[in-house]
Amino acid sequence: MTVNRLGYGAMRITGDGIWGEPSDCEGAKKLLRRVVELGIDFIDTADSYGPAVSEDLIAEALYPYPEGLVIATKGGLARTGPNLWHPIGRPEYLRQCVEMSLRRLKVERIDLYQLHRIDSTVPVADQMGLLSDLQKEGKIRHVGLSEVSVDQIKEARTMVPIVTVQNLYNLANRQSEAVLDFCSSENLGFIPWFPVAAGDLAKPGGILDTAAREHGATVAQLALAWLLKRSPMMLPIPGTSSIAHLEENTAAASVKIDDELFNKLTSLIN
């Protein structure tokens, strides 16, 4: 499967705390249709966004799906309220997650299904074994992981083929550097969530802000351009509930930075 390297993360089309419906459901569906119009062919969501709200809105806005659109979803995090997330990796629960995502997204097979978190209270073999079973049953095509270490990726790969890893990573937070390097060497897609966060680096007059102005770009666009140059396996999924921000983020694909600027930005965080 081949997708454009700048996708869309559909977490922010829900209510506050990633809980409940957005204040403007029709606006959210309009944004999703604009995602496809801009040539984005990879949408990342999860059953826990809402919960269920993000998947429902995607289907309402885009089904029947245009050819080539890949919708990835995740399961394994239960919700009990705004900003509350609880890993549950019991096989019977994960199977239910997949079945409900299939129903909400109106598909017979999920192209990329990602385990949202490995549940430390459940044997890893049970969680990966269930995903392997679902793959053999034709309910999921590819398997991905989220917020994992290199050792966890290696262990999971002994039980089921893994094609992507989704970890927190951006210009200001590179705690998953080793995981990214492993994915790059093993040809595994690396999906950085929270990709445009730049923190103090984005302060007016700073290196990032100055460089962005010199390139006729925004700070967010430059942060995304840095990610795209960092590794050929990088697949950022900037999320937003604003069409204007969506269009701004998408334009980052055309922002090119040379090696000198890349190295300068890289050196901002040691």
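I will try to describe carefully the structure that is included in this document. (Residues numbered from 1 in each chain as written. Predicted model: local features only at pLDDT ≥ 70, side-chain atom pairs only at ≥ 80, totals over all residues. Heavy atoms only, no water.)

With that settled, the discussion passes to the pairing of strand E4 (residues 77-81). By the criterion of burial, E4 is predominantly enclosed, with four of the five residues buried. Pairing between E4 and strand E5 (residues 84-87): three bridges, direction antiparallel. Looking across to E5, one finds that Ala78 is bridged to His86. Linking E4 back to E5 in an antiparallel pair, the connection comprises two residues, with Asn83 at a positive phi of about 60°. (Buried < 20%, exposed > 50% of the residue type's maximum accessible area, 1.4 Å probe, protein only. Helix = DSSP H or I, 4+ residues; strand = E, 2+ residues; numbered from the N terminus. Pairing = 2+ DSSP bridges.)

Here we come to the environment of Pro91. Within the secondary structure, Pro91 is located in helix H3 (residues 91-105). Pro91 sits 167 residues away from Asp258 along the chain, and the two C-alpha atoms are 47 Å apart. Those residues within four positions of Pro91 in sequence are excluded, and the remaining contacts are Val122, Asp126 and Leu130. (Contact = heavy atoms within 4.5 Å.)

Let us now look at the pattern of salt bridges. Counted according to the given criterion, the structure contains 15 salt bridges. With a shortest N-O distance of 2.9 Å, Glu247 and Arg34 are connected by a salt bridge. Of the two residues, Glu247 sits in helix H9 (residues 243-250) while Arg34 sits in helix H1 (residues 25-37), which places them 213 residues apart along the sequence. Residue classification places Glu247 among the partly exposed positions, given a relative accessible area of 33%. The salt bridge partner of Asp259 is Lys229, with a shortest N-O separation of 3.1 Å. Highlighted residues: Asp259 in helix H10 (residues 259-266) and Lys229 in helix H8 (residues 219-230), separated in sequence by 30 residues. Of the residues examined, Asp259 reaches a relative accessible area of 52% and is grouped as exposed. According to the relative accessible area criterion, Lys229 is partly exposed, its value standing at 34%. Salt bridges here are not isolated pairs; linked through shared partners, they connect Arg95, Glu99, Glu137 and Lys139. (Salt bridge = Lys/Arg side-chain N within 4 Å of Asp/Glu carboxyl O.)

Glancing now at the environment of Val196. Position of Val196 among the secondary structure elements: in the loop between strand E9 (189-193) and helix H7 (207-214). Expressed as a C-alpha distance, the spacing of Val196 and Met100, which sit 96 residues apart in the sequence, is 31 Å. Once you skip the residues sitting within four places of it in the chain, Val196 turns out to touch Ala220, Ala223, Leu224 and Pro238.

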